[in-house]
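Here is how the chains run, residue by residue.
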Number of protein chains: 2
Amino acid sequence: MKSTEPACQYELKAARDAMEVIQGKWRVPIVISLTYGKKRFGEIHRDIPDISPKMLSQELKALEENKLITRTLYDSMPVTVEYALTPLGMSLRELLNELRNWGKYFRNEIIGQL
Amino acid sequence: MKSTEPACQYELKAARDAMEVIQGKWRVPIVISLTYGKKRFGEIHRDIPDISPKMLSQELKALEENKLITRTLYDSMPVTVEYALTPLGMSLRELLNELRNWGKYFRNEIIGQL
DNA sequence: CCGAATCCTGTTTGATACTG
DNA sequence: CAGTATCAAACAGGATTCGG
C-alpha cells in the first residue's frame, strides 16, 4: 500500500482486460454488426466491406474463443454458417453505446479542426 | 440505400473513431491515471510501471494532439512538466467507466474458465 | 527529472490466389 | 458460400543510449 494510487492500479487492470477483448481494427465492427441479429459470414462481410476474408475469419475465431459469439454450422448444401452474439457478447451493448456516442462527440468537437 | 443495414454503417464509423483515439496498449491507462488529477511524467510512470519512457512520451504526445490532455511546462530547475485532462479528455469518463465495469464482469464470468 | 534519438524485433494486417 | 494458404508490408512496442 505504498503506491500513491493503489485504487488506480486495480482500475487499470479491469480496463485493460476489456481493451484486450475489443482491441484491434475489426472486433468492435464485427460485434456491432451482430447486434443487429445473427448473420452469416458473407452478411458480416457486406457490413464491413474493407475486411479481408482472412481477417474476418481470424477475428471471428478470436471472438468465439472469448465466448462473445457462437458459430453454428448448418450442414446444408452449400454449407451455411451463422454467427450470433452470446449473452456475454450482448453485455457489451452499453460499452459499445458509449463508444459510439463518444465517437460522434469527438468527431463533432475535434475532427476537422485538426 | 441498398445495403442491408444502412444504419449499421454509420454506427460502425462512430465506434471506430472512438477506438482510434483510445486504442493501443497505453492510452487508456494513461487517461485513467490522469482522472485522479494532474500529474507529472514520473508520477504517471509510477502508475504504469511497465511502460518505457519512450512509449509514455510518445503516447502523451498523441493524446495531446487529439486534445485529450494538456502539457504544461514549468520552467523551474530542474524542469517540471505537468499533464492534465482537458474537458474533452474528461468526457471519456463514462466510456472508461463502462470499460472497467465490463472488464470486471468479463474477468468474473470468463477468465479462469478459459 | 523528463524526456529525445536510434535501432531493432515481433505481431498485426493486408493482397492475392485458391479450395471444399 | 465460407473460408485457407502464402507472402509481404506496416506498425506497435522494446532496448539502449544520450542530452538539457
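Report on the accompanying structure. Position labels on residues start from 1 in each chain and follow its written sequence. To label them, take the chains in the order written and letter them from A, then take the ligands in the order written and number them from 1. Local features in a predicted model are, by the rule used here, given only for residues with pLDDT of at least 70; side-chain atom pairs are given and counted only at 80 or more, and totals for whole chains, interfaces and linings are based on all residues. With hydrogens and water stripped out, all remaining heavy atoms of the structure feed into the side-chain values.

## Digging into the overall build of chain A
Inference 1: The numbering of helices and of strands both runs from the N terminus, where a helix is a DSSP run of H or I of at least 4 residues and a strand a run of E of at least 2. Helix and strand counts for chain A stand at 6 helices and 3 strands.
Inference 2: Along chain A, helices (α) and strands (β) appear in the sequence α-α-β-α-α-β-β-α-α when read from the amino end.
Inference 3: Each radius of gyration is computed over the set of C-alpha atoms, and the globule rule expresses the reference value as 2.2 Å times the number of residues to the power 0.38. Since a compact globule built from 114 residues should have a radius of gyration of about 13 Å, the 17 Å found for chain A marks it as more spread out than a globular shape.
Inference 4: Counting only C-alpha atoms, chain A reaches 65 × 40 × 25 Å along its principal axes.
Inference 5: Between buried and exposed lies partly exposed: a residue is buried under 20% and exposed over 50% of the maximum accessible area for its type, with that area taken using a 1.4 Å probe on protein chains only. By residue count, 46% of the 114 residues in chain A fall in the buried class.
Inference 6: The contact rule is simple, with two residues in contact once any of their heavy atoms fall within 4.5 Å. For chain A, long-range pairs separated by at least 24 residues make up 43% of all intrachain contacts whose partners lie at least 6 apart in sequence.
Inference 7: Positive charge is attributed to Lys and Arg, negative charge to Asp and Glu, and no charge count is given to His or to the chain ends. Charge positions come from single atoms, namely NZ of Lys, CZ of Arg, CG of Asp or CD of Glu. Each charge class in chain A can be summarised by its mean position, and for the 17 positive and 15 negative side chains these summaries are 3 Å apart.

## Regarding the interface of chain B and chain A
By a widely used convention, the size of an interface equals the accessible area lost when the partners come together.
Inference 1: Facing the 51 residues of chain B at the interface are 51 residues of chain A.
Inference 2: As used here, buried area is the combined drop in accessible area, with a 1.4 Å probe, of two parts when they are placed together. For the pair chain B and chain A, the summed buried area comes to about 4700 Å², and 67% of that belongs to carbon and sulfur atoms.
Inference 3: Looking at the side of chain B facing chain A, the largest losses of area belong to B:R16, B:Y36 and B:W102, adding up to 14% of the total buried there.
Inference 4: For this analysis, a salt bridge means a side-chain nitrogen from Lys or Arg found within 4 Å of a carboxyl oxygen belonging to Asp or Glu. Taken together, chain B and chain A are joined by 6 salt bridges.
Inference 5: Distance and chemistry together define a polar contact, namely a pair of N or O atoms within 3.5 Å, with one atom able to donate a hydrogen and the other to accept it when in protein, and with adjacent residues in sequence counting only for side-chain atoms on both sides. At the junction of chain B with chain A, the criterion picks out 9 residue pairs in polar contact (both at pLDDT 80 or more).
Inference 6: Elements with a minimum of two residues in the side of chain B that touches chain A: α1 (6-22), α2 (27-35), α3 (41-47) and α6 (93-109) of chain B.
Inference 7: A per-element tally of the side of chain B that touches chain A places α1(B) first, with 15 residues.

## Remarks on the relation of the copies chain B and chain A
Inference 1: Superposing chain B onto chain A takes a rotation of 180° plus a shift of 0.0 Å along the axis, which leaves an RMSD of 0.0 Å. The operation mapping one copy onto its partner corresponds to a two-fold rotation axis.
Inference 2: The overlap is high: 100% of the interface residues of chain B also sit at the interface in chain A, so the same surface is used on both sides. When the copies are overlaid, the least-squares fit takes in C-alpha atoms only where the residue has pLDDT of at least 70 in both copies.

## Examining the protein's contact with DNA strand C
Inference 1: The environment of DNA strand C is made up of 15 residues, and the closest members are A:K25, A:W26, A:K54, B:S57 and B:R71.
Inference 2: Across the atoms of DNA strand C situated within 4 Å of the protein, the share located in sugar and phosphate is 71%.
Inference 3: At 2.4 Å, a side-chain N or O of A:K54 approaches a base oxygen of DNA strand C.
Inference 4: At a separation of 2.7 Å, a phosphate oxygen of DNA strand C approaches a polar side-chain atom of B:R71.
Inference 5: Counting only elements with at least two residues in the surface near DNA strand C, the list comes to α4 (53-65) of chain A together with α3, α4 (53-65) and β3 (80-85) of chain B.
Inference 6: Tallying contributions element by element places α4(B) first for the surface near DNA strand C, with 3 residues. Nearness here has a simple test: a residue counts as near a molecule or strand if at least one of its heavy atoms is within 4 Å of that partner.

## Things to note about the protein's contact with DNA strand D
Inference 1: Around DNA strand D there are 17 residues in total, and A:S57, A:R71, A:Y83, B:K25 and B:K54 lie nearest to it.
Inference 2: One of the backbone N or O atoms of A:G42 is found 3.1 Å from a phosphate oxygen in DNA strand D.
Inference 3: Contacts to DNA strand D include A:S57, whose side-chain N or O atom sits 2.7 Å from a phosphate oxygen.
Inference 4: Elements represented by at least two residues in the surface near DNA strand D include exactly α3 (41-47), α4 and β3 (80-85) of chain A together with α4 of chain B.
Inference 5: Top element by residues in the surface near DNA strand D is α4(A). It accounts for 4 residues.
Inference 6: For the surface near DNA strand D, a count of residues per class yields 7 nonpolar, 4 polar and 6 charged. Charged means Asp, Glu, Lys or Arg here, nonpolar means Ala, Val, Leu, Ile, Met, Phe, Trp, Tyr, Cys or Pro, and polar covers whatever is left, Gly included.

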